[in-house]
Amino acid sequence: MIDFTPEQQRLRDEIREFADTVVAPAAYEYDTKRELPYDIIRQMGERGLFGLAIPTEYGGQGTGYVELCIAVEQLARADQSIAVTLEAGVGLGAMPILRSGTEEQKREWLPMLARGEALAAFGLTEAEAGSDAGATQTTAELDGDEWVINGSKQFITNSGTEITRLITVTAVTGRRENGAPELSAILVPSGTPGLTVGPAYDKVGWHTSDTHPLTFENVRVSKENLLGERGRGFVNFLQTLDEGRVAFAALCTGAAQGCLDEAIRYAKERVVFGRPIGDNQHIAFMIARMQARVHQARLVTYDAARRIVAGTPFTMEASIAKLVSSEAAMANARDASHIFGGYGYLNENAVARHYRDAKILEVGEGTTEVQLMIISRQLGFA
């Protein structure tokens, strides 16, 4: 068990009820239509979920990263797409501004993001640059008092919704003495001339989540839109990814728990040869392993979240959390679908949606191999 405070327990219970009564009943409909349910996003904003990790002085709830993880986990039990909309909206959208922004940038953007009235995206990944951010091809050049941005990004979450208002873009702003690229982050408001949001991707899963490619053609923004110090975009983006991996691990944990919940229910209800299939030791043992995976994932996830709150190093712990929880979600989705048999192959059942959604969990926020690389380097290996 995780030793949550009474306030955190109340938050968990409230969001679980919201997920069960509002999110879950609508999940199949919106997954089929491949639409982001703005009414549900609005309700999440009214409940303060987008402001959980944002200080009250910027319109947030003034809680912390543990609370954000609690919210993401509970939503992911019902619908991973809704959970990643929150996770990316806060972890990749708002947190870079909170961590690196000027006071003016914080006061301009954070209140609307905290209320869930607007979403922000983080434009990092390119065709040749994702895990290898040093291969970024998007450029930004100063022309008087403006940055001129050219390039493209892909797989950008929350970049094309009706309420997307901002995209943080990583770009090469120069070269260092050794020839290495100087990476910086720049804020680009939605609707800026030259910014084109491409058609939504036709994805295997996460159908409700908004994901688009972006193109920048001579996009001009004020030099004041630089986020953080020039040339420190790589360092700041690493911190963003470390924190984001912890919230992403909470999403994975919630998905694993959702699969477990469905498997337990079905194993008790489904009768074959005169008895529930859960009476078969093979099924019971399979579910026991699912429970063990969830427990392990939750422990490492909240250990990393508490390290963030405490201000202690957490890079390795974030990668461990992401690695363990994503593998747990994928394994539990596979086992839950197997327990459901043919019914597990029907999209109307939550386990089928979890099965389609789960694979991206081993890829997003850094692949399994990237996590292993980070962990091994933290242990002193090359």
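You'll find the structure just up there.
What you see is a predicted model; the values in this text were computed from it and never measured.

Rules behind the numbers
Residues numbered from 1 in each chain as written. Predicted model: local features only at pLDDT ≥ 70, side-chain atom pairs only at ≥ 80, totals over all residues. Heavy atoms only, no water. Core = buried A, V, L, I, M, F, W, Y, C linked by side-chain atoms within 4.5 Å. Buried < 20%, exposed > 50% of the residue type's maximum accessible area, 1.4 Å probe, protein only. Helix = DSSP H or I, 4+ residues; strand = E, 2+ residues; numbered from the N terminus. Contact = heavy atoms within 4.5 Å. Axes fitted to C-alpha atoms, helices over the stretch in contact; angles between N-to-C directions. Parallel < 35°, antiparallel > 145°, perpendicular 65-115°, else oblique. Nonpolar A, V, L, I, M, F, W, Y, C, P; charged D, E, K, R; others polar. Phe/Tyr/Trp six-rings, centres within 6.5 Å; stacked < 30°, edge-to-face > 60°. Lys NZ or Arg CZ within 6 Å of the ring centre and 35° of its normal. Salt bridge = Lys/Arg side-chain N within 4 Å of Asp/Glu carboxyl O. Expected span 1.5 Å × (residues − 1). Bend = angle between axes of the 7 residues up to and from the residue.

Peer 1: Go over the nonpolar core, please, and point to the residues and values.
Peer 2: Met44, Tyr65, Leu75, Leu86, Val246, Ile339 and Leu361 are the most contacted members of the largest nonpolar core, which totals 89 residues. The dominant element in this core, judged by the number of residues it contributes, is helix α6 (residues 233-269), at 14 residues. With near-sequence residues (within four places) excluded, Val246 lies in contact with Tyr65, Cys69, Thr301, Ala304, Ala305, Ile308, Phe314 and Ala318. In this structure, Trp147, Ile149, Ala171 and Val219 belong to the second largest nonpolar core, which totals 16 residues.

Peer 1: So what about the packing of helix α3 (residues 65-78) against helix α7 (residues 281-310)? Which residues, and what values?
Peer 2: Their axes nearest at 8 Å, the elements α3 and α7 cross at an angle of 150 degrees. For the element pair α3 / α7, the angle class is roughly antiparallel. Where α3 approaches α7, its residues Tyr65, Val66, Cys69, Ile70 and Glu73 are matched on the opposing element by Arg298, Tyr302, Ala305, Arg306, Ile308 and Val309. Classifying every residue of the contact of α3 with α7 by side-chain character gives eight nonpolar, no polar and three charged.

Peer 1: Talk me through unusual backbone geometry; I want residue IDs and the actual numbers.
Peer 2: A positive phi angle, close to 55 degrees, is found at Arg34, a residue other than glycine. Along the polypeptide, Arg34 turns up in the loop between α1 (6-33) and α2 (38-46). Its identity is not glycine, yet Phe155 carries a phi of approximately 60 degrees, on the positive side. Looking at the secondary structure, you find Phe155 in strand β3 (residues 146-157). For Phe155, a relative accessible area of 49% corresponds to the partly exposed category.

Peer 1: A description of the packing of aromatic side chains should follow, citing residues and the corresponding values.
Peer 2: Taken as a whole and assessed by the stated rule, the structure comprises four aromatic pairs. Each ring, one from Phe4 and one from Tyr302, has its centre 5.2 Å from the other, and the planes form 85 degrees; the classification is edge-to-face. Taken as a pair, Phe4 in the segment before α1 and Tyr302 in helix α7 lie far apart in primary sequence, 298 residues in all. In this pair, the class of Phe4 matches that of Tyr302, namely buried. For the ring pair Tyr266 and Phe340, a centre distance of 4.1 Å and an interplane angle of 15 degrees mean the geometry is stacked. Here Phe340 lies in helix α8 (residues 315-340) and Tyr266 lies in helix α6, a separation of 74 residues in the sequence. Judged by relative accessible area, which is 11%, Tyr266 ranks as buried. Looking at Phe340, the relative accessible area reads 2%, which means it is buried. The ring of Tyr30 has Lys33 sitting right over it, with the charged end atom 4.9 Å from the ring centre.

Peer 1: Could you give an account of the pattern of salt bridges, with specific residues and numbers?
Peer 2: Under the definition given, this model contains 27 salt bridges. For the salt bridge of Glu103 with Arg107, the shortest nitrogen-to-oxygen distance reads 2.9 Å. With Glu103 and Arg107 both in helix α5 (residues 103-114), this residue pair falls four residues apart, about one helical turn. Of the charged contacts, one joins Lys359 and Glu362 as a salt bridge, the two residues approaching to 2.8 Å between their closest N and O atoms. Judged by its relative accessible area of 16%, Glu362 falls in the buried class. Members of the salt-bridge network, linked through shared partners, are Asp20, Arg77 and Asp261.

Peer 1: Account for α1, with residues named and values stated.
Peer 2: Helix length check: α1 (28 residues) gives 39 Å between terminal C-alpha atoms against 40 Å at 1.5 Å per residue, within 8%. When the local axis directions of α1 are compared, the greatest deviation, roughly 45 degrees, occurs at Ala27. Looking only at α1, the buried set comprises Gln8, Leu11, Arg12, Ile15, Phe18, Ala19, Val23, Ala26, Ala27, Tyr30 and Asp31. Within two residues after α1, Arg34 carries a phi angle of roughly 55 degrees, on the positive side.

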